[in-house]
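Now for the letters of each chain:
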Amino acid sequence: MAGDDRAAEGAVDFWSFVELADRRLSEEFGFRHRLATQVLLTLNRAAMIVTYDLEASVHRPRGLSWAAFRLLFVTWLAGPLESRRAATLAGMTRAAVSNLAKSLVADGLLARSPGERDGRSVLLSLTDRGHATMLEVFRAQNEREHQWTGVLTETEQRILIMLLDKLISNRDQFDVRERR
């Protein structure tokens, strides 16, 4: 690392890190796709910040993790669901859903019943308590979502959705690994 980089290390924030990464990756290592790195660093950072904020301000105070909320959310809106389908919709592994479902069942928020496909499949559904919890939790989350997105106009929000959808929709052009 160059001397000036070490001296500035204590003052590096996210945006100066992106600039540092951009410069070093291109000048020292010869990587050509500078803008791609900036886009994905920023996208990843934004997702992490918003997710952490939602978990810390909405979910943890109500005794839920972000993962528990995601599983309850998809079950609430699309359920009852086989656990493998819930895993796909929540962006989780089947093993993670299985483990998480045990604690949510013990907490009285989720119910498990035998699936119709075979003896091994499990159907997940919200209990009455789970349904009431999701109404209350999502009301708080939706207000926080509005606070986050309020810095953008409605048109900017729609453009952002369109751009993210375009990014994700074209993933079949290369070998993308996704949770299954």
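*Asks:* Where do I start with the environment of glutamate 82 in this structure?
*Replies:* Note that glutamate 82 resides in strand 1 (residues 81–82). Note on glutamate 82: relative accessible area 15%, which makes it buried. In this structure the C-alpha to C-alpha distance between glutamate 82 and arginine 112, which are 30 residues apart in sequence, comes to 9.3 Å. When sequence neighbours within four positions are dropped, the list of residues in contact with glutamate 82 reads Arg117, Ser121, Val122 and Leu123.

*Asks:* Which parts of the structure should I look at to understand helix 4 (residues 66–78)?
*Replies:* For an α-helix the count is 3.6 residues per turn, leaving residues at separations of three or four pointing the same way. The end-to-end C-alpha separation of helix 4 is 18 Å, in line with the 18 Å expected for 13 residues at 1.5 Å each. Taken together, the buried positions of helix 4 are Trp66, Ala68, Phe69, Leu71, Leu72, Val74, Thr75 and Trp76.

*Asks:* Even after reading the chapter, I still don't get the sheet that holds strand 1, so can you show me in this structure?
*Replies:* Hydrogen bonds between backbone atoms are what pair the strands of a sheet, whose relative direction is either parallel or antiparallel. Here 3 strands make up an open sheet; going across it, the order is 1-3-2 and the pairing antiparallel. At either end of the open sheet lies a strand with only one pairing partner, and these are strand 1 and strand 2 (110–114). Bridge count between strand 1 and strand 3 (residues 122–126): 2 bridges; the pairing is antiparallel. Bridging from a neighbouring strand, leucine 81 pairs with leucine 124 of strand 3. Against the sheet, helix 6 (residues 94–106) makes contact with strand 2 and strand 3, and its axis sits at roughly 120° relative to strand 2, the strand it touches most.

Analysis parameters
- Residues numbered from 1 in each chain as written.
- Predicted model: local features only at pLDDT ≥ 70, side-chain atom pairs only at ≥ 80, totals over all residues.
- Heavy atoms only, no water.
- Helix = DSSP H or I, 4+ residues; strand = E, 2+ residues; numbered from the N terminus.
- Buried < 20%, exposed > 50% of the residue type's maximum accessible area, 1.4 Å probe, protein only.
- Contact = heavy atoms within 4.5 Å.
- Expected span 1.5 Å × (residues − 1).
- Pairing = 2+ DSSP bridges.
- Axes fitted to C-alpha atoms, helices over the stretch in contact; angles between N-to-C directions.

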